[in-house]
Every structure is written in C-alpha cells, then in structure tokens.
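Notes for the structure review
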Amino acid sequence: MRKLLIAGNWKMNLGFQEAIDLSKKLANYCKSIKEIDVAVFPASPYIFQVAKEASKTIIKVGAQNMHHEPKGAFTGEISTKMVLTCGGSMVIIGHSERRHIFNENNEFIRDKVKSAIDNGLMPVLCIGEKLEDRENGRTSEILDYQLSGSLKDIDLSPLDKIILAYEPVWAIGTGKNATPEQAQETQAFIRNWMITKFGKGIGDVRILYGGSVKPENAHSLLIQEDIDGALIGGASLSIDSFGKIIDIALEIAKEEK
Ligand code: PGA
C-alpha cells in the first residue's frame, strides 16, 4: 500500500513568527503519527527554522522552488544544496504558479527535476491542465506534454525518487476542486503514463492531488485508488484545517483503503 502524504504548500504566506508557531503546533500534532507522511513547504527564508521545529518528528520540510545550477550569478534563486543544508529534504517543482506567472517551461522544469534527484532532494513535480484545456477535451494531451518534457531523459531508478502532484490549474485557490471522479480518472491516466514510460516498477509512484483541498472534501478525494495524498495551499495555513485533513488521512490509512 502507498503511504498517504499530506503536504502543505504555504506559498508566500505567513510572517516569520506565524510560520514558527504553526510549525510548533504541527510538530505537536504529529507527535505520535506513523501511518501517514506529512510535509510542509514554507517560504525559503523560513526553511531552516521550520526544519528545526520539525526535526524530531515525521514532518518533512521542503522548498517551493529551486534553481538547477549548483551556484553562481542567479539573483534571487536558491540551489538544492542550500535547501539541503537548511534541513530541507523535498522541493516542489513546476507548480502551476511557476509555470504560468513566472513562465517556467518544461525544459527548465526538467533541469530542476534532474538537479533535485542528482543531489538527493525529493522533487514533487506538479502538472495540471487549464480550464480551457479540460473543456476542449485536451487534458490528457496537456499532461502527456508536461510529463514528457519535465521527465525527458531522467533516470528514475531506483523508482522511488519522485512524487507527482496533479493540480488542475482551475482548481488551485479557486475553491472549486476537481470531483473525486475527475481526479481519480486523471490520476489513473498519470500512473499508466508513468508505467508505460518507466515500466511496472514505477507503478507505486505517489501521486498527490492538489487544488482547493479542504476538510470538507478531503475524505472523498483521499479514498480514491490513485490519490496518494494531497498538496494543500490555503487549508494548510492553519492547524485547525490542516490538522483535520491529517486526521482524515490517518483514518483512511488505518482502515487501509
Ligand atoms: P489551494 O492550493 O489548496 O489553495 O488550492 C494548492 C496548491 O497550489 O498547491
């Protein structure tokens, strides 16, 4: 069985003290959890301190983005090593906000995935279609394009080097989540795509769903066969809502879906 991962993408939110307070509450909340994995992605200046708060718990900490070069004149960027030495172990790559607001293309994203894997950071590669793509029946085509480009010539053996997150762009921060059926159907497509490309061994790759996940819809999404966790933005910013989603995942894990 694939272990559920509940991940909070804090984006450009929370003051320093708020981030630390939330980390402390979360560390306390997760004290005795073993059945699921939990991760948070704070703003980069907070990674070190958040990782310190999380250090004796199951909580993994990661960056929301990184550059593939190891060092150099890349104003405003951070490297894999910087994330690692600050206590981070994961990194979100290709989030739709990076693809669409900052115009990151597949080639750039692919270089970041490779750099993360080569340096021992676990990438959470995000993919997802826009509303017009879904309405025009182009969802599979877009996902195929994003997956092929972002994973081009990447060696995924051993096969537990990556996590995927399906995040339909129209569901992010809009309050409008994909229905459990839509998400399941698309995530099954992604899993099959991975198996076709990398072989049966990749069948257990974890595929998260992201886009307006909240306590009210988490259960119906997380019980789907091909949904192995959630990447959560807005609802990860308070222990109340994030904790509730963790509890829902725990309950499902204990029941063994
Ligand atoms: P949201 O964001 O939960 O606020 O929709 C999800 C994400 O962007 O990862």
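Attention here is on the structure that accompanies the text. Quick caveat: nothing in here was measured; it's all calculated off a predicted structure.

Here we look at the site of the ligand
Close to the ligand lie 13 residues, the nearest being Lys-11, His-95, Glu-167, Gly-173 and Ser-212. A distance of 2.7 Å separates an oxygen atom of the ligand from a polar atom in the side chain of Lys-11. In the model, an oxygen atom of the ligand is placed 2.6 Å from a nitrogen or oxygen of the His-95 side chain. Notes on the ligand: free accessible area 280 Å², of which the protein chains cover 94%. Its residues placed into classes, the shell around the ligand shows four nonpolar, seven polar and two charged.

Structural notes on the pattern of salt bridges
All told, the structure shown has 18 salt bridges when counted by the stated rule. In this structure, the salt-bridge partner of Lys-112 is Glu-104, at a minimum N-O distance of 3.0 Å. Residues joined by salt bridges that share partners form a network here, namely Arg-2, Arg-191, Asp-204, Asp-226 and Asp-228.

Quick notes on the environment of Leu-231
Mapped onto the secondary structure, Leu-231 falls in strand S8 (residues 229-232). Using a relative accessible area of 2% as the deciding quantity, one classes Leu-231 as buried. Separated by 54 residues in sequence, Leu-231 and Asn-177 have C-alpha atoms that sit 12 Å apart. When neighbours within four sequence positions are excluded, Leu-231 is seen to be in contact with Ala-7, Asn-9, Phe-41, Ile-92, Cys-126, Ala-165, Glu-167, Leu-208, Tyr-209, Gly-210 and Gly-211.

Examining the packing of helix H5 (residues 106-119) against helix H7 (residues 139-150)
Where H5 meets H7, the closest approach of the two axes is 8 Å, and the angle between their N-to-C directions is 50 degrees. Judged by the angle between their axes, H5 and H7 are oblique. Listed contacts from H7 to Asn-106, Ile-109, Arg-110 and Val-113 of H5 are Tyr-145, Gln-146, Gly-149 and Ser-150. Residues that form the contact of H5 with H7 fall into these classes: three nonpolar, four polar and one charged.

Concerning H5
Across its 14 residues, H5 extends 20 Å between first and last C-alpha, which sits within 8% of the 20 Å expected from 1.5 Å per residue. When H5 is considered as a whole, its buried residues turn out to be Asn-106, Ile-109, Arg-110, Lys-112, Val-113, Ser-115, Ala-116 and Ile-117. Tucked into the core, H5 has its buried residues touching helix H3 (80-85), strand S4 (90-93), helix H4 (96-100), strand S5 (122-127) and H7. Just beyond H5, the residue with positive phi is Gly-120, at close to 85 degrees.

Observations concerning the packing of helix H1 (residues 16-29) against helix H2 (residues 47-54)
Where H1 meets H2, the closest approach of the two axes is 9 Å, and the angle between their N-to-C directions is 20 degrees. Looking at the two axes, H1 sits roughly parallel to H2. Along this stretch, H1 crosses H2, giving a crossing that reads as right-handed. Contacts between H1 and H2 involve Phe-16, Ala-19, Ile-20, Ser-23, Lys-24 and Ala-27 from the former and Gln-49, Val-50 and Glu-53 from the latter. Of the residues contributing to the contact of H1 with H2, the split by class is five nonpolar, two polar and two charged.

As for the packing of aromatic side chains
Summed over the entire model, instances satisfying the criterion amount to two aromatic pairs. When the centroid spacing of 5.6 Å and the interplanar angle of 65 degrees are considered together, the rings of Phe-16 and Tyr-46 count as edge-to-face. Taken together, the residues span a long stretch of sequence, with Phe-16 in helix H1 and Tyr-46 in the loop between strand S2 (37-41) and H2 at a distance of 30 residues. Across from the ring centre of Phe-102, 4.1 Å away, lies the NZ or CZ of Arg-98, which sits over that ring.

Rules used in this analysis
Residues numbered from 1 in each chain as written. Predicted model: local features only at pLDDT ≥ 70, side-chain atom pairs only at ≥ 80, totals over all residues. Heavy atoms only, no water. Near = heavy atom within 4 Å. Polar contact = N/O pair within 3.5 Å; in protein donor to acceptor, adjacent residues only side chain to side chain. Areas by Shrake-Rupley, 256 points an atom, 1.4 Å probe, with all protein chains shown as cover. Nonpolar A, V, L, I, M, F, W, Y, C, P; charged D, E, K, R; others polar. Salt bridge = Lys/Arg side-chain N within 4 Å of Asp/Glu carboxyl O. Helix = DSSP H or I, 4+ residues; strand = E, 2+ residues; numbered from the N terminus. Buried < 20%, exposed > 50% of the residue type's maximum accessible area, 1.4 Å probe, protein only. Contact = heavy atoms within 4.5 Å. Axes fitted to C-alpha atoms, helices over the stretch in contact; angles between N-to-C directions. Parallel < 35°, antiparallel > 145°, perpendicular 65-115°, else oblique. Expected span 1.5 Å × (residues − 1). Left-handed = near helix turned anticlockwise from the far one by under 90°. Phe/Tyr/Trp six-rings, centres within 6.5 Å; stacked < 30°, edge-to-face > 60°. Lys NZ or Arg CZ within 6 Å of the ring centre and 35° of its normal.

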